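# Working through the structure, step by step
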Amino acid sequence: MRHDAHGWWIGEAGPPPPQPPLDGRVEADVVVVGGGYLGLWTAWHVLARARGARVVVLEADRCGFGPSGRNGGFVNGLWDKVGKVAARAGDDAALALARAADESVHAIGAWCTAQEVDAWYRPAPHLLVSAAPAQDGSLSEEVAAARRLGGAGRLSELTPEEVAARCRSPLMRGGAMLHTAATVQPARLAFGLRARLLGRGVRIHEHSRVRRLEGGDPVIAHTDSGAVLARAAVVAVNHAAVGLRPFRRALSVASSHIVLTEPVPDVLEAAGWTGGEAISDLRTMLHYFRTTRDGRIAFGWGGGRMAFGARRHPTTDVDPRVVERTAHDLRAFFPALEGRAITHAWGGPIDVSPVRLPIFRSLGRVHAGFGFTGNGVGPAELGGRILSALALDERDPVTRLAIVEPAAKRFPPEPLRYAGGALIRRAMVERDDRLQRGEPVPVAVELVASLPRRMGLNLPR
Ligand SMILES: Cc1cc2nc3c(=O)[nH]c(=O)nc-3n(C[C@H](O)[C@H](O)[C@H](O)COP(=O)(O)OP(=O)(O)OC[C@H]3O[C@@H](n4cnc5c(N)ncnc54)[C@H](O)[C@@H]3O)c2cc1C
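Everything in this summary refers to the structure shown in the same document. Along each chain, numbering runs from 1 in the same order as the chain's sequence is written. Since the coordinates come from a predicted model, pLDDT governs what is reported: local features require at least 70, and pairs of side-chain atoms require 80 or more to be given and counted, while whole-chain, interface and lining totals use all residues. Where side-chain values are given, they derive from all heavy atoms of the structure, hydrogens and water being excluded.

### Description of the overall build of the protein chain
- The helix and strand labels rest on DSSP assignments: H or I over at least four residues marks a helix, E over at least two residues marks a strand, and numbering proceeds from the N terminus. Check the secondary structure of the protein chain and you find 14 helices and 20 strands.
- Values of the radius of gyration come from C-alpha atoms, whereas the globule rule sets the reference at 2.2 Å times the count of residues to the power 0.38. Taken over C-alpha atoms, the radius of gyration comes to 21 Å for the protein chain, in line with the 23 Å a tight globule of 461 residues would show.
- Across the 461 residues of the protein chain, 58% fall into the buried class.
- In this description, contact between two residues means that some pair of their heavy atoms is separated by no more than 4.5 Å. A fraction of 77% describes how many contacts in the protein chain between residues 6 or more apart in sequence connect residues 24 or more apart. The classification of residues rests on relative accessible area computed with a 1.4 Å probe and restricted to protein chains. Under 20% of the type maximum is buried, over 50% is exposed, and intermediate values are partly exposed.

Next comes the structure, spelled out in structure tokens:
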């Protein structure tokens with residue numbers, strides 16, 4: 001098995017040659033910091049709103065080498081969170097958000113077609129499946145909320161037979177289906193976006209880490225070898241936002257890992273899993289899995305370790321212990337994989353927001369988005385619409401969504417966040433495992449695992 005810090009997808013897509021680092025002083029209308037999906041979609045939508053705008057993207061490494069190029073490729077809306085949003089922000093706000101997020105799922109497909117970018121976009125429902133009696137009915141409230149808001153056709157319950165008709169596994173039971181969903185080859189989408197932006201005259205500088213951002217008029221983004229002076233700046237740096245003082249307690253950083261099998265078309269055929277559905281279970285630290293165009297299974301688990309503040313530990317990208325566990329869990333879902341090779345494994349940081357929804361905030365002329373909590377492929381397109389409007393000072397229905405300037409919920413400061421978070425994550429994993437095996441959960445474990453909920457934080461399911 002190849003432990004690959006950059007993920008198999010990037011190698012398959014074949015990374016493009018790098019763009020030169022920023023050199024000297026440059027003027028722009030909008031400077032975008034970060035060349036993942038959020039930064040790239042923002043640049044795209046700035047041009048869509050203001051033809052001829054001068055946009056500069058500054059990327060510390062290579063565009064798409066972060067989680068945007070090596071995620072699971074699930075493109076989802078937010079209907080499975082609609083009940084929680086309604087409870088906090090009201091029915092109208094929840095409905096507006098769910099609709100806007102669904103638009104992104106369609107928009108990404110339409111963009112790939114119009115721009116002739118072969119990102120393997122494949123519309124197919126996302127199944128949210130119970131894999132243990134304790135997970136049964138976990139989504140009932142969200143399904144009921146969706147129905148109440150008129151979204152019965154967007155999120156609906158599935159019987160065990162309906163799940164099995166799409167994919168058979170000895171662990172999978174009933175669940176729910178997100179109807180508006182798709183999968184992509186994530187790196188192909190990121191590199192495709194980058195290429196089309198370059199084609200439209202956007203200046204992209206790679207290996208250009210922004211060291212300092214001055215938020216005056218103009219905003220000035222400084223790198224080691226230059227500076228961009230702009231009317232507005234967009235900060236789209238994912239988990240690295242936790243290193244910026246105003247957002248320090250708005251995020252916590254964990255990691256998620258993926259293992260990839262060799263092509264196993266016979267296994268997929270035998271499981272009846274040929275419709276391209278993305279599937280996740282209903283654990284707190286969820287498993288998520290999908291097929292690829294060449295007949296592999298990509299199988300992820302969100303149980304990786306916490307990171308301390310903005311510090312990146314190598315285990316955030318590849319943690320052999322988590323990889324081994326993820327591979328073990330994959331075989332429990334699909335025992336027919338016994339003896340079949342796992343060819344690649346990798347991981348990456350997850351920017352966990354206190355309410356599991358992305359957050360968009362403005363500080364004067366600096367606008368930022370973060371907190372996708374492992375669900376950023378679809379919502380980053382929506383984020384690009386939001387941040388482009390904010391950067392151009394335009395009023396737009398998307399800038400009134402409940403994820404723009406939401407009421408602040410905060411994580412505890414370091415070292416409490418790291419120490420407490422690590423303890424809570426361990427308890428959540430143990431709780432998940434015991435429930436999976438049908439064993440009782442010790443009171444102390446239950447107490448620690450339920451701490452975030454009791455603190456008003458809505459951490460991973
Ligand atoms: C293993 C894994 C699986 C996942 N699976 C899914 C999935 O199936 N579906 C889904 O919806 N989501 C998934 N996600 C989450 C999804 O990948 C992210 O939410 C999404 O890619 C976030 O995009 P982004 O642009 O905010 O961040 P990124 O892709 O991280 O881009 C941010 C960029 O900013 C750059 N940067 C950071 N600091 C600076 C600086 N100072 N100056 C300049 N540049 C800087 C970084 O180098 C990086 O390229 C997964 C994540 C992981 C790790």
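### Side note on the nonpolar core
- If you look at the biggest cluster of nonpolar residues, it comprises 68 residues, and the most contacted ones within it are Trp41, Leu189, Leu382 and Ile386.
- Those residues in contact with Trp41 that sit more than four places away from it in its chain are Ile108, Trp111, Leu189, Leu193, Ala380, Glu381 and Gly384.
- If you look at the next biggest cluster of nonpolar residues, it comprises 27 residues, including Val259, Trp273, Phe334 and Leu337. What is meant by a nonpolar core is a set of buried Ala, Val, Leu, Ile, Met, Phe, Trp, Tyr and Cys residues, joined one to another through side-chain atoms within 4.5 Å.

### Some remarks on the pattern of salt bridges
- We count a salt bridge whenever a side-chain nitrogen from Lys or Arg sits within 4 Å of a carboxyl oxygen from Asp or Glu. Evaluated as defined, the whole model comprises 35 salt bridges.
- For Arg283, the salt bridge is made with Asp433, and the minimal N-O distance between the two is 3.1 Å. Separated by 150 residues along the polypeptide, Arg283 in the loop between β15 (278–281) and β16 (287–291) and Asp433 in helix α12 (residues 416–437) bring together distant segments of the chain.
- Owing to a relative accessible area of 4%, Arg283 belongs among the buried residues under this scheme.
- Several salt bridges share partner residues, and in doing so they unite Arg283, Arg325, Asp329, Asp432 and Asp433 into one network.

### Description of the packing of aromatic side chains
- Side-chain rings of Phe, Tyr and Trp (the six-membered ring for Trp) are treated as a pair once their centres are within 6.5 Å; stacked means planes under 30 degrees apart, edge-to-face means over 60, and tilted covers the remaining angles. Inspection of every chain in the model, using the stated rule, returns 14 aromatic pairs.
- Centre to centre, the rings of Trp273 and Phe334 are 5.4 Å apart; their planes meet at 10°, and the pair counts as stacked. Taken as a pair, Trp273 in the loop between α8 (265–271) and β15 and Phe334 in the loop between α10 (320–333) and β18 (342–352) lie far apart in primary sequence, 61 residues in all. Like Phe334, Trp273 is buried.
- Centroid distance Phe360 to Phe372: 6.3 Å. Interplanar angle 75°. Geometry classified as edge-to-face. Linking Phe360 in strand β19 (residues 359–363) with Phe372 in the loop between β20 (366–370) and α11 (377–391), this pair joins segments that are 12 residues apart in sequence. Phe372 carries the same exposure label as Phe360, and that label is buried.
- Counting every residue linked through ring pairs, the aromatic cluster contains Trp273, Phe289, Phe299, Phe333 and Phe334.
- If you follow Arg325 out to its NZ or CZ, it ends over the ring of Trp301, 4.5 Å from the centre. Our definition puts a charge over a ring when NZ of Lys or CZ of Arg is within 6 Å of the ring centre and also within 35 degrees of the ring normal.

### Looking at the packing of helix α3 (residues 82–89) against helix α4 (residues 91–115)
- Convention adopted: a line fitted to C-alpha atoms gives each axis, helices being fitted over their contacting stretch, and angles between N-to-C directions are expressed from 0 to 180 degrees. Across the interface, α3 lies against α4 with an axial gap of 7 Å and an inter-helix angle of 140°. Judged by the inter-axis angle, α3 sits oblique to α4. As for how α3 packs across α4, the hand of that crossing is right-handed. Only Asp91, Ala93, Ala94, Leu97 and Ala98 of α4 make contact with α3, whose side of the interface consists of Val82, Val85, Ala86 and Ala89.
- Side-chain classes are defined by residue name, with Ala, Val, Leu, Ile, Met, Phe, Trp, Tyr, Cys and Pro counting as nonpolar, Asp, Glu, Lys and Arg as charged, and the others, Gly among them, as polar. For the contact of α3 with α4, a count of residues per class yields 8 nonpolar, no polar and 1 charged. For classification purposes, angles smaller than 35 degrees are called roughly parallel, those larger than 145 roughly antiparallel, those between 65 and 115 roughly perpendicular, and all remaining angles oblique. Handedness of each helix crossing follows the sense of rotation of the near helix against the far helix: counterclockwise by less than a right angle gives left-handed, clockwise gives right-handed.

### A few points about the environment of Glu161
- Note that Glu161 resides in helix α6 (residues 160–166).
- It is 8.1 Å that separates the C-alpha atoms of Glu161 and Arg173, two residues lying 12 residues apart in sequence.

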